[in-house]
Amino acid sequence: MSGSLWLKPPAVGATPLPAIPRPRRERSSTRPDHAPPPTPEARPEGGPAGRTAPGAGETAPGGAPPPPPVPDPRGSRTAPPTGPPPPDGDGLAADPLDELTERLGELAAAAVHPDEIAAVLESDGMTDDHIRLTYGRADSFALAEDLYARVERHHPEPEPPSGRAWHSELAGCLLRGLVFALPGLAYVLAAPLLAGEQGRFGLPAGTVPLLAGAVTGWVWNQALSHRAHTWLGLGDRPAAARTLLVGAPAGAAVGTAVALAAAAPTETAATVFAAGQSLYLAAATVLLVLGRERALLCALLPLSGAAPALHWDLPALLRVGLLLAPLTASVVLAGLVLRPGLHRGAGGRGGPPRSASLPYGLFGLGSGLLVLRAGTGDTLVSGVGAVIALTLSMGPAEWLLHRFRGQGLSRLRTLTTAREFRRAITGTLVLCLGGYLTVLLALALAAALAWPGASWPTLPRLITLLLIGAVLWLGLLLQAFGAVLSAATTCLVAVGAQAVQPAAGPAAAAGAATVLAVLTCALLVRPTAHRH
């Protein structure tokens, strides 16, 4: 079948008008208002009313209904109305684009390009045919450009971070600082057990294997923590647990092997203690990475029994029990939180390359050697006070790193020029670094007062300690922003300079602090460094 059904020819002899109707004497009330009145030419002078075809509202003689309308030969049932559309209140037809502008006003105001609006229109199901018939525009892009031009730009401001976040982070960071410092009491408990003949390099007996195992554990666990945190950042906690399940025992074994290789034949007790130290470092890494700081703190509570050992001599059996209790508890807790890593397939995808974690291990080596240099050099009471102050300060240091990052994001939201951002972020850097050094100084003085037999530190020693603290904090800051290789290289160069010339320790620390400060100012004052 082809052609329209309305194109059938009429029957022969048929006429759409069954009879010539008589004219109505009154005007039909149903005639459209816009229909023109009959002209004089339509009605002859002196004759009867003009005999016209029946219009709207007329009836045929005898009350017969009017005939149906003549089909439109173009294919439509009835001819479209020829009159204008009904006007609105001001006499003009309503533009459908006004209603669309009102409906999409907020979205169009926040758009930075008309293509954003075009994408919304297309996702809403508006085709080009619909747009041409309804809005009189060629396509969605033309309609989007009209909407973009009609609406004033208004980009909503992001919500500022809650002020309470810093207080909650401060509590967590202080908790971590306490967890970092408590294991130092184990050395107080074990000191009489490790006593012996004079050790090598002018150090007490057993110091060399202890330091070798500790440095190895710092390097290994720093790299392991980075890899596990990378899995956590990808949202794959079972893969992070699997990484720690494999890496933590391996790190404990490597630390024990290094301590055993560095020990003298007469340092058996120190080697055993170094093995326990390596095992604890592995368990603590697991708990800290997986966010179990409170559990680790509970495991370390037996070490509080070392406080009486500062003034009185405790039985050897009690000392051993106070050492084994926190070690056993931390290992058990670490094993419990690693259960997700035991499931098959917990390793997930291939993950980041292992070489990406190597710079973090090197930074752990450089920073660890700087701390040990402060502890074994000519500083506060053989360095004990310096090590305690640096260890306790890691909690406030971590909080100040969070604070610097938060202030950088806030400046990105509020400032409009790169120059203003540089000035603001430089001021924030000075305040955060100054705050950390103030905390470190207070901890050093408190350690000198609390430690039995400690002498008051001299000004040169305090300056050296503050320089080392500046190196550590700036290195951690660069590490947090991805420039870990520069921080690691600077720390290792400073350690190498101190090893070659021990008297150049303060100068090496000052040089490292200066280099890291320049790198920090060059890298972190740019707005692009804070957009990830």
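Since this is a predicted model, take the numbers as computed values, not measurements.

**So, the overall build of the protein**
Regarding its fold elements, the protein presents 19 helices and zero strands. Of the contacts made within the protein by residues no fewer than 6 positions apart, 77% connect residues no fewer than 24 positions apart. Summed over its atoms, the accessible surface of the protein is roughly 30300 Å², and 64% of this surface lies on carbon and sulfur atoms.

**Concerning a nonpolar patch on the surface**
Taken together, the side chains of Leu193, Val320 and Leu324 define a hydrophobic patch exposed on the protein surface, amounting to about 220 Å² of accessible area. With respect to the helices, strands and loops of the structure, Leu324 is situated in helix 12 (residues 316–337). Under the relative-accessibility criterion, Leu324 is labelled partly exposed at 46%.

**Considering the nonpolar core**
Judged by nonpolar contacts, the single largest core of 48 residues is most densely connected at Leu390, Phe404, Trp473 and Leu477. Secondary structure elements with two or more residues in this core: helix 13 (358–376), helix 14 (384–392), helix 15 (394–414), helix 16 (418–450), helix 17 (459–480), helix 18 (484–500) and helix 19 (505–524). Of all the elements, helix 17 adds the most residues to this core, at eleven residues. Apart from the residues lying within four places of it in its own chain, the contact partners of Phe404 are Ile425, Thr428, Leu429, Cys432, Leu477, Phe481, Leu524 and His530. Core analysis: the second largest hydrophobic core is formed by 42 residues, Val179, Ala241, Leu296 and Val337 among them.

**Describing the packing of aromatic side chains**
A complete count under the given rule lists two aromatic pairs for this structure. Aromatic pair Phe404 and Phe481: ring centres 6.1 Å apart, planes at 80°, arrangement edge-to-face. Separated by 77 residues along the polypeptide, Phe404 in helix 15 and Phe481 in the loop between helix 17 and helix 18 bring together distant segments of the chain. Residue classification places Phe404 among the buried residues on the basis of a relative accessible area of 0%. According to the relative accessible area criterion, Phe481 is buried, its value standing at 14%.

**Digging into helix 10 (residues 268–289)**
With 22 residues, helix 10 should reach 32 Å at 1.5 Å per residue; the first-to-last C-alpha distance of 32 Å fits that figure. For helix 10, a buried count of 17 out of 22 residues is recorded, marking the element as mostly surrounded by other parts of the structure. Phi turns positive, to about 75°, at Gly291, one or two residues after helix 10.

**Re the packing of helix 15 against helix 16**
Direction vectors running N to C along helix 15 and helix 16 enclose 170°, while the axes themselves pass 10 Å from each other. Here helix 15 is positioned roughly antiparallel relative to helix 16, judged by the angle of their axes. On the side of helix 15, the interface is formed by Met394, Pro396, Ala397, Leu400, Phe404, Gln407, Gly408, Arg411 and Leu412, while helix 16 contributes Phe421, Ala424, Ile425, Thr428, Leu429, Cys432, Gly435, Tyr436 and Val439.

**Here's the deal with the packing of helix 8 (residues 207–233) against helix 10**
Axis separation between helix 8 and helix 10 bottoms out at 9 Å; the angle between their running directions is 15°. For the element pair helix 8 / helix 10, the angle class is roughly parallel. Considering only the axes of helix 8 and helix 10, their crossing is right-handed. Only Ala270, Phe273, Ala274, Gln277, Ser278, Leu281, Ala282, Thr285 and Val289 of helix 10 make contact with helix 8, whose side of the interface consists of Pro209, Leu210, Gly213, Ala214, Gly217, Asn221, Ser225, Ala228, His229 and Leu232. Of the residues assigned to the contact of helix 8 with helix 10, the class counts are eleven nonpolar, eight polar and no charged.

**Focus: the side chain of Thr285**
In this structure, Thr285 sits in helix 10. Dropping the residues within four chain positions of it, Thr285 is found in contact with Asn221 and Ser225.

**Digging into the side chain of Ser225**
In this structure, Ser225 sits in helix 8. If near-sequence neighbours (up to four positions away) are discounted, Ser225 is found in contact with Thr285 and Val289.

**Things to note about the pattern of salt bridges**
Per the counting criterion, the structure on display carries seven salt bridges. For the salt bridge of Arg103 with Glu99, the shortest nitrogen-to-oxygen distance reads 3.8 Å. With a gap of four residues between them, Arg103 and Glu99 both fall in helix 1 (residues 96–103), about one helical turn apart. The shortest N-O distance in the salt bridge between Asp129 and Arg132 comes to 2.3 Å.

**Digging into the environment of Ala240**
Summarising the element assignment, Ala240 is placed in helix 9 (residues 237–262). Each C-alpha atom of the pair Ala240 and Val289 lies 9.0 Å from the other, and the pair is 49 residues apart in sequence.

**Quick look at helix 11 (residues 293–300)**
Within helix 11, burial applies to Glu293, Leu296, Leu297, Ala299 and Leu300. The buried residues of helix 11 occupy an angular sector of 160° when projected down its axis, which confines them to one face. Away from the buried face of helix 11 by more than 90 degrees, exposed residues Arg294 and Cys298 are located.

**Observations regarding the environment of Ala108**
For Ala108, the position within the fold is in helix 2 (residues 105–110). As for Ala108 and Arg153, which are separated by 45 residues in sequence, their C-alpha atoms are 7.7 Å apart. Residues contacting Ala108, with those up to four places away along its chain left out, are Ile117, Leu147, Val151 and Arg153.

**Some details on the confidence of the model for the protein**
Chain-level pLDDT for the protein is 77 on average; 73% of the residues reach the 70-or-more range. Note that residues 38–64 has pLDDT below 50 and, in this model, 24 contacts with residues that lie over four places away or in other chains. This stretch, residues 70–84, has a pLDDT under 50; its non-local contacts, to residues over four places away or in other chains, come to eleven contacts.

Thresholds, definitions, all that
- Residues numbered from 1 in each chain as written.
- Predicted model: local features only at pLDDT ≥ 70, side-chain atom pairs only at ≥ 80, totals over all residues.
- Heavy atoms only, no water.
- Helix = DSSP H or I, 4+ residues; strand = E, 2+ residues; numbered from the N terminus.
- Contact = heavy atoms within 4.5 Å.
- Areas by Shrake-Rupley, 256 points an atom, 1.4 Å probe, with all protein chains shown as cover.
- Patch = residues over 30% accessible without salt bridge, like charges linked within 9 Å, V, L, I, M, F, W, Y side chains within 5 Å.
- Salt bridge = Lys/Arg side-chain N within 4 Å of Asp/Glu carboxyl O.
- Buried < 20%, exposed > 50% of the residue type's maximum accessible area, 1.4 Å probe, protein only.
- Core = buried A, V, L, I, M, F, W, Y, C linked by side-chain atoms within 4.5 Å.
- Phe/Tyr/Trp six-rings, centres within 6.5 Å; stacked < 30°, edge-to-face > 60°.
- Expected span 1.5 Å × (residues − 1).
- Axes fitted to C-alpha atoms, helices over the stretch in contact; angles between N-to-C directions.
- Parallel < 35°, antiparallel > 145°, perpendicular 65-115°, else oblique.
- Left-handed = near helix turned anticlockwise from the far one by under 90°.
- Nonpolar A, V, L, I, M, F, W, Y, C, P; charged D, E, K, R; others polar.
- Arc of directions from axis to C-beta.
- pLDDT = per-residue confidence, 0-100.

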